[in-house]
Amino acid sequence: MLRFGILSTAKIGRELVVPAIQDAENCVVTAVASRDAKRAREMADRFSVPHAFGSYEEMLASDLIDAVYIPLPTSQHVEWTIKAADAGKHVLCEKPIALKADQIPAVIEARDRNKVLVSEAYMVTYTPVWMKVRELLAEGAIGQLRHVQGVFTYFNRDPGNMRNIPALGGGGLPDIGVYPTMTTRFSTGREPVRVQAVTERDPEFGTDIYSSVKADFGDFELSFYISTQMANRQSMVFHGTEGYIEVKSPFNADRWGAEEIELSNRSHGHSQIFRFQDSRQYRREAEAFARAAAGEKAEVVTLENSLANQRFIDAIYRASEKDGWEIV
C-alpha cells in the first residue's frame, strides 16, 4: 500500500481526491498536513486518517508517508513539488503543476536526482471515456480526423476564490483551458504547431476570464473556448471524414452529465452510444500512480507531457497579445 500524505486541507482534496485514495485498492492516506494543526486534525478525523501535522515541512520529514498529494494554490505547486521530491517522496500534484513552461525543467531535475515519481493530476487521462476516444480514433472509426471542437465554462465571480486571484495562479486558462489541450493531445497523440487566440481579462480581478483558441495540429485543427464567467457547459467533439465522436461531460465525469460517448456515421443515419458507469476517475488516477510508484507498468502523466501541455498554454497567452499565428 502506497502511503499518501495530503499537503493542505484544500476543497478538491477533501471532496474528491482523499475519498478516492481511501477507496483505492493499493494506496491509503496516512497523514494530513496544514499550517493550522487544528484544521489538519479535523480533516484527518473526518477520513479516519491516523496522523496530522501542523506544518508541511514536518510531514515531509516523516517516514510515515511514501508519497504526497499537493492541492495547494497553483502558484505554490512548483515550490512544494520540488521540496517533496527532495524529501524522497513521490508526488502527485494538482494541475497545472506550473504557470510557465520554463518552471518545469527544475521539477524534472528534482525528480531525476531523487529517483522519485512526479506526476501532474490530470484525472481525465485515467478514465475509460477518454481511453475509448483514443481507441476509436486510432482504429479509424471516424476516418481522417479534421477538426476537434471543445468548450469548458462555469460562472465564478467570488473575489476570495483562488481562481480569481492572480497572485495564487488564478485564471481561466490555468484552471480549465488545460483540459481541451490535454485531452486533445492525449487522444490523438499529436502536438500543436501554432495557435491563434483571443483572451479577455476581468477589469477588477486581472485574471483571464475568457479565451477563444484555434490550434493547428498539421492535418487537423482544434478550436475551443473557455470561460470562468459564462453559464456551465462542457463538450468535446472529434469530427472526421467518416463520422464524429461527441464526448458528453468530458472533464467532470458524471457530475455535469452522463459518462457517455456518441459515435455517429457520415450521414448521421447510424449512431452508437458508449456508456460508462461511474468511472471513478480520481480512484483510477490514484491506483495508476501507486502502481507506477511501485515500479509496475502503469500509464501516468509524465513531466515531459506536462511540459508540452504548458508550452501550449504559454503559446495561447502569447497569441492573445498579437494578430495572427504564434508558434508553440
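Anyway, here's the lowdown on the structure attached to this text. (Residues numbered from 1 in each chain as written. Predicted model: local features only at pLDDT ≥ 70, side-chain atom pairs only at ≥ 80, totals over all residues. Heavy atoms only, no water.)

So, the overall build of the protein
Move 1: Summing up its helical and strand segments, the protein has 9 helices and 15 strands in all.
Move 2: For 328 residues, the compact-globule formula gives about 20 Å, and the C-alpha radius of gyration of the protein, at 20 Å, lands near that figure.
Move 3: Counting only C-alpha atoms, the protein reaches 60 × 45 × 35 Å along its principal axes.
Move 4: Looking at the protein residue by residue over its 328 residues, the buried ones come to 56%.
Move 5: For the protein, contacts bridging at least 24 residues in sequence account for 66% of all contacts bridging at least 6. (Helix = DSSP H or I, 4+ residues; strand = E, 2+ residues; numbered from the N terminus. Rg over C-alpha atoms; globule rule 2.2 N^0.38 Å. Buried < 20%, exposed > 50% of the residue type's maximum accessible area, 1.4 Å probe, protein only. Contact = heavy atoms within 4.5 Å.)

A few points about the sheet that holds strand E3 (residues 51-53)
As a general point, the strands of a sheet are linked pairwise by backbone hydrogen bonds and lie either parallel or antiparallel.
Move 1: Spatially, 6 strands are ordered E3-E2-E1-E4-E5-E6 in an open sheet, and the strand pairing comes out parallel. Since the sheet does not close on itself, it has two edges, and those belong to E3 and strand E6 (118-121), each with one partner. Ignoring strand direction, the axes of neighbouring strands in this sheet form an average angle of 25 degrees.
Move 2: Bridging between strand E2 (residues 27-33) and E3 involves 3 bridges; their strand directions are parallel. Across the sheet, residue Val-32 finds its bridge partner in E3, namely Ala-52.
Move 3: Here helix H4 (residues 77-86) sits on the sheet in contact with strand E1 (2-7), strand E4 (67-70), strand E5 (90-94) and E6, set at roughly 165 degrees to E5. (Pairing = 2+ DSSP bridges. Axes fitted to C-alpha atoms, helices over the stretch in contact; angles between N-to-C directions.)

Here's the deal with helix H8 (residues 281-293)
Move 1: Over its 13 residues, H8 extends 18 Å from the first C-alpha to the last, a length consistent with the 18 Å expected when each residue adds 1.5 Å.
Move 2: When you tally the buried positions in H8, you get 10 out of 13 residues, the bulk of the element.
Move 3: All buried positions along H8 are accounted for by Gln-281, Tyr-282, Arg-283, Glu-285, Ala-286, Glu-287, Ala-288, Phe-289, Ala-290 and Ala-292.
Move 4: Two residues or fewer past H8, Gly-295 is found with a positive phi of approximately 85 degrees. (Expected span 1.5 Å × (residues − 1).)

Focus: the pattern of salt bridges
Move 1: In the structure shown here, the tally under the stated rule is 26 salt bridges.
Move 2: With its nearest N and O atoms 2.8 Å apart, the salt bridge here joins Asp-112 to Arg-111.
Move 3: A residue is classified by how much of its surface remains accessible, and Arg-111, at 16% relative accessible area, is buried.
Move 4: Among the salt bridges present, the one from Lys-132 reaches Glu-135, with a minimum N-O distance of 3.1 Å. Of this pair, Lys-132 and Glu-135 are both found in helix H6 (residues 128-138), 3 residues apart, which corresponds to roughly one turn of the helix.
Move 5: Residue Glu-135 is classed as partly exposed on the basis of its relative accessible area of 40%.
Move 6: Here the salt bridges do not stand alone but share partners, grouping Asp-23, Glu-25, Arg-280, Arg-283 and Glu-287 into one network. (Salt bridge = Lys/Arg side-chain N within 4 Å of Asp/Glu carboxyl O.)

Thoughts on the packing of aromatic side chains
Move 1: Enumeration according to the criterion identifies 9 aromatic pairs in this entry.
Move 2: With 5.1 Å between their ring centres and 85 degrees between their planes, Tyr-56 and Trp-80 make a pair best called edge-to-face. Of this pair, Tyr-56 sits in helix H3 (residues 56-60) while Trp-80 sits in helix H4, and the two are 24 residues apart along the sequence. The exposure classification of Tyr-56 matches that of Trp-80, with both residues buried.
Move 3: On the numbers, 6.1 Å between centres and 90 degrees between planes, the contact of Tyr-122 with Tyr-179 is edge-to-face. Taken together, the residues span a long stretch of sequence, with Tyr-122 in the loop between E6 and H6 and Tyr-179 in helix H7 (residues 172-188) at a distance of 57 residues. Comparing Tyr-122 with Tyr-179 shows no difference in burial state: the two are buried.
Move 4: Through a chain of ring-to-ring contacts, the aromatic side chains of Tyr-122, Phe-152, Tyr-179 and Phe-251 assemble into a single cluster. (Phe/Tyr/Trp six-rings, centres within 6.5 Å; stacked < 30°, edge-to-face > 60°.)

As for H4
Move 1: Most of H4 sits out of view: 7 of its 10 residues are buried.
Move 2: Those residues of H4 that fall on the buried side of the exposure criterion are His-77, Val-78, Trp-80, Thr-81, Ile-82, Ala-84 and Ala-85.
Move 3: Against E1, H3, E4, E5, helix H5 (104-114) and E6 lie the buried residues of H4.
Move 4: Of the residues one or two after H4, Gly-88 is the one with positive phi, at around 80 degrees.

Structural notes on the packing of H7 against helix H9 (residues 303-319)
Move 1: Across the interface, H7 lies against H9 with an axial gap of 10 Å and an inter-helix angle of 120 degrees. Our classification of the angle between H7 and H9 gives oblique. Crossing of H7 over H9 shows right-handed handedness. Two secondary-structure elements touch here, H7 through Leu-173, Pro-174, Gly-177, Val-178, Thr-181, Met-182 and Arg-185 and H9 through Asn-305, Ala-308, Asn-309, Phe-312, Ile-313, Ile-316 and Tyr-317.
Move 2: Across the contact of H7 with H9, the residue classes break down as 9 nonpolar, 4 polar and 1 charged. (Parallel < 35°, antiparallel > 145°, perpendicular 65-115°, else oblique. Left-handed = near helix turned anticlockwise from the far one by under 90°. Nonpolar A, V, L, I, M, F, W, Y, C, P; charged D, E, K, R; others polar.)

Focus: the packing of H4 against H5
Move 1: At a closest axis distance of 9 Å, the pairing of H4 and H5 adopts a crossing angle of 10 degrees. Considering the angle they form, H4 stands roughly parallel to H5. Between H4 and H5, the residues in contact are Val-78, Thr-81, Ile-82, Ala-85 and Asp-86 and Ala-106, Val-107, Ala-110, Arg-113 and Asn-114, respectively.
Move 2: Considering only residue class, the contact of H4 with H5 consists of 6 nonpolar, 2 polar and 2 charged.

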